[in-house]
2 protein chains.
Amino acid sequence: MHVLIIGAAGMIGRKFAEKIALTGRVGQRNVDVLTLADIVMPDVASDFAGERRAIAADLSLAGTAKALVADQPDVIVHLAAIVSGEAEADLEKGYRINLDGTRALFDAIRHIDGYVPRVVYASSLAVFGAPFPDKIPDDFHLTPLTSYGAQKAMGELMLDDYSRRGLLDGVGIRFPTICIRPGKPNKAASSFFSGILREPLNGTEAVLPVDENVRHWHASPRAAVGFIEQAAVMDTTLLGNRRSLTMPGVSATVGDQIKALHDIAGPDVVRLIRHEPNPDIAAIVAGWPRNFEVKRAHALGFRAEASFYDIIKVYIEDELEVDKS
Amino acid sequence: MHVLIIGAAGMIGRKFAEKIALTGRVGQRNVDVLTLADIVMPDVASDFAGERRAIAADLSLAGTAKALVADQPDVIVHLAAIVSGEAEADLEKGYRINLDGTRALFDAIRHIDGYVPRVVYASSLAVFGAPFPDKIPDDFHLTPLTSYGAQKAMGELMLDDYSRRGLLDGVGIRFPTICIRPGKPNKAASSFFSGILREPLNGTEAVLPVDENVRHWHASPRAAVGFIEQAAVMDTTLLGNRRSLTMPGVSATVGDQIKALHDIAGPDVVRLIRHEPNPDIAAIVAGWPRNFEVKRAHALGFRAEASFYDIIKVYIEDELEVDKS
């Protein structure tokens, strides 16, 4: 089959492409053609045995979506988005990329008669906003408190509507915060969740801007790739008209994270975490979800790690041991 | 103050304009300027003492929204929409009018520096889709099962987002099914809810296409006008970031409706209702909400009728007795 990844230059898109290149498959299905698209030219996954293409294009510009779907890929993984901070800073850009880009993609699909591809839509926990119950259920109402969350929720509604009409076959996946992100720290308020583990594991200092009792919902990059793969091949008749699913994750406090780091890497590594309270970051993080009751995705076979120990081990296996080989 | 009604040629828009013309006020606030806009030229509410304007324009066309808000009305009541059946039959028209039209309005407001009008946004129970609990709570999740419902829910998300950013001061009101609608029957699946009362009260036969145990959520046109008036002047700081409210109504079965008609108008009038089951209509109506627990709107002072007796009396007072005068 033909898989198109839009947003393939991002961390998750790249990892998903690498996995396809390695295995030649998504789930049990062989991949013959792999098209990677992003606003910057994505890596072409050069070790892929099938036909591979790379495209640099802006999904929100006229004609881009039409060109991307012209060959009728069987599976479209739509990861392209302006992230939370930028969507909040630039309202027009956020709505243009996150809403109009998504709509352009769905409409380009709709305009091809008889073409009903699987569309895996990357949504986010940001569709939910405080106040929250202790464990957020699958049917918690959409109450975003950021423009990014509003745009992602609007995309979920379109995904449901277009799927209900038989115009595409959508699965929305609300990603947990991905931890441990490889690479450099970024300016996201959530950056420290990865940083306090990644930097010490690489022998450098990290700053912890919040209390150790802050609780949040995490899954590894490897789990995130598994979610996409599952969503790409699952039986969508099981979803009914509610196409978006909160993904499983590990509910852990920062203290839980640090204890797992201590037990795996020892006290010297933990001492590289410097506590430096930042009230701005603490205030942002206070509005974030802490825990979910993920019945639907569990029942459908989606799996994340069981503990933060596993999340750290995934990072060591997938990033550090690979780097050293 | 200056009140702009968009969708002023519709039944509710017209009644709201008539009430302003009669009283010169919205709530306790004097209205100096009343602008009525619709895609067809609205009635100019000729008995209004203040300055009155009427505009025929398509909100979804470039420039219309900008022209409508150029004078910076203090209150904008946005009732313009493609209704459920048409939005389902014509996907592009529904998204263009219901989503793009709403967005064009919000963006036109956003582009005027320092202008933060009250925006009353007409939403709908169609933002909710089955399966339902017996009583649908205020925080039930957005699960539309029609394109109309999806478009209205997307508008709610934008209303929340733009209000949170301080770009406008929004209140979304999810109208119950309005009963008894004056005038002729229309092709909406819900038309019979009004028809089985209105036609017999006017001495003509009406068709009932569903069982008498069908339950639904109703309020009168007078109550609907009251909702808008309340939303136009209420203290929105009480809403927090969740700007849309399910409106109060009367949960009644068709049997309750008929019993009220019998008690008010007598058995001969009731005999004008002809039972003629229509499985298509029955199937549509089976997916509709039956009852709500409307805590937020009640606490904020929104009020509908207490029973179907009151709903029928409102029709007699506002339509039949007026017509005879």
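Residues numbered from 1 in each chain as written. Chains lettered and ligands numbered in written order. Predicted model: local features only at pLDDT ≥ 70, side-chain atom pairs only at ≥ 80, totals over all residues. Heavy atoms only, no water.

Looking at an unreviewed UniProt entry, chain A carries the name SDR family oxidoreductase, with the source organism given as Parasulfitobacter algicola.

Student: Before we move on, could you go through the sheet that holds strand S13 (residues 250–253) of chain B and cite the residues and values that matter?
Tutor: Residues and elements named next belong to chain B. Across the sheet, 3 strands lie side by side as S9-S11-S13; this open sheet has mixed pairing. Every interior strand has two partners, whereas the edge strands, strand S9 (177–178) and S13, have only one. Where strand S11 (residues 215–219) lies against S13, 4 bridges are found, and the strand directions are antiparallel. Each bridged residue has a counterpart across the sheet, and for Trp217 the counterpart in S13 is Ser251. Relative to S13, helix H8 (residues 254–265) is tilted by about 90 degrees, and along the sheet it contacts S11 and S13. (Pairing = 2+ DSSP bridges. Helix = DSSP H or I, 4+ residues; strand = E, 2+ residues; numbered from the N terminus. Contact = heavy atoms within 4.5 Å. Axes fitted to C-alpha atoms, helices over the stretch in contact; angles between N-to-C directions.)

Student: Which residues make up the sheet that holds strand S6 (residues 75–78) of chain A, and what are the values?
Tutor: Residue and element names in this part refer to chain A. The strand order S5-S4-S1-S6-S7-S8-S12 describes an open sheet built from 7 strands, whose pairing is parallel. Both edges of this open sheet fall to strand S5 (51–56) and strand S12 (244–246), since each of them pairs with a single strand only. Neighbour-to-neighbour, the strand axes of this sheet turn through a mean angle of 15 degrees, independent of strand direction. Inspection of the sheet shows S6 paired to strand S7 (residues 118–124) by 4 bridges, in the parallel sense. Following the sheet pairing, His78 is matched in S7 by Tyr121. On the sheet, helix H7 (residues 221–233) packs against S6, S7 and strand S8 (169–175) and is oriented at approximately 165 degrees with respect to S8.

Student: Lay out the interface of chain B and chain A with the relevant residues and their values.
Tutor: Each partner contributes residues to the interface: chain B has 35 residues there, and chain A has 35 residues. Carbon and sulfur atoms make up 52% of the surface buried where chain B meets chain A, a total of about 2900 Å² over both sides. Of all residues in chain B, the largest losses of buried area upon contact with chain A belong to His141, Leu157 and Arg242 of chain B, amounting jointly to 21% of the total for that side. The residue Glu92 of chain A makes a salt bridge to Arg110 of chain B at a minimum N-O spacing of 3.0 Å. Inspection of the chain B/chain A interface yields 26 residue pairs in polar contact (both at pLDDT 80 or more). Looking at the side of chain B that touches chain A, the elements that each hand over two or more residues are helix H3 (84–89), helix H4 (91–110) and helix H5 (147–164) of chain B. Residue contributions to the side of chain B that touches chain A peak at 9 residues, all from H5 of chain B. (Buried area = accessible area lost by both parts, 1.4 Å probe. Salt bridge = Lys/Arg side-chain N within 4 Å of Asp/Glu carboxyl O. Polar contact = N/O pair within 3.5 Å; in protein donor to acceptor, adjacent residues only side chain to side chain.)

Student: I'd like a rundown of the environment of Gly7 of chain A, residues and numbers included.
Tutor: Residues and elements named next belong to chain A. Topologically, Gly7 is positioned in the loop between strand S1 (2–6) and helix H1 (11–23). With 32 residues separating them along the chain, Gly7 and Ile39 place their C-alpha atoms 7.4 Å apart. Discounting residues that sit within four places of it in the chain, Gly7 has contacts with Gly13, Ala37, Asp38, Leu79 and Ala80.

Student: So what's going on with the packing of helix H5 (residues 147–164) of chain A against H5 of chain B? Residues and values would help.
Tutor: Two elements in contact, H5 of chain A and H5 of chain B, have axes separated by 10 Å at closest approach and are oriented at 180 degrees. One element, H5 of chain A, and the other, H5 of chain B, form an angle in the roughly antiparallel class. Contacts between H5 of chain A and H5 of chain B involve Ser147, Ala150, Ala153, Met154, Leu157, Met158, Asp161 and Arg164 of chain A on the former and, on the latter, Ser147, Ala150, Ala153, Met154, Leu157, Met158, Asp161 and Arg164 of chain B. A breakdown of the residues in the contact of H5 of chain A with H5 of chain B according to their chemical character gives 10 nonpolar, 2 polar and 4 charged. (Parallel < 35°, antiparallel > 145°, perpendicular 65-115°, else oblique. Nonpolar A, V, L, I, M, F, W, Y, C, P; charged D, E, K, R; others polar.)

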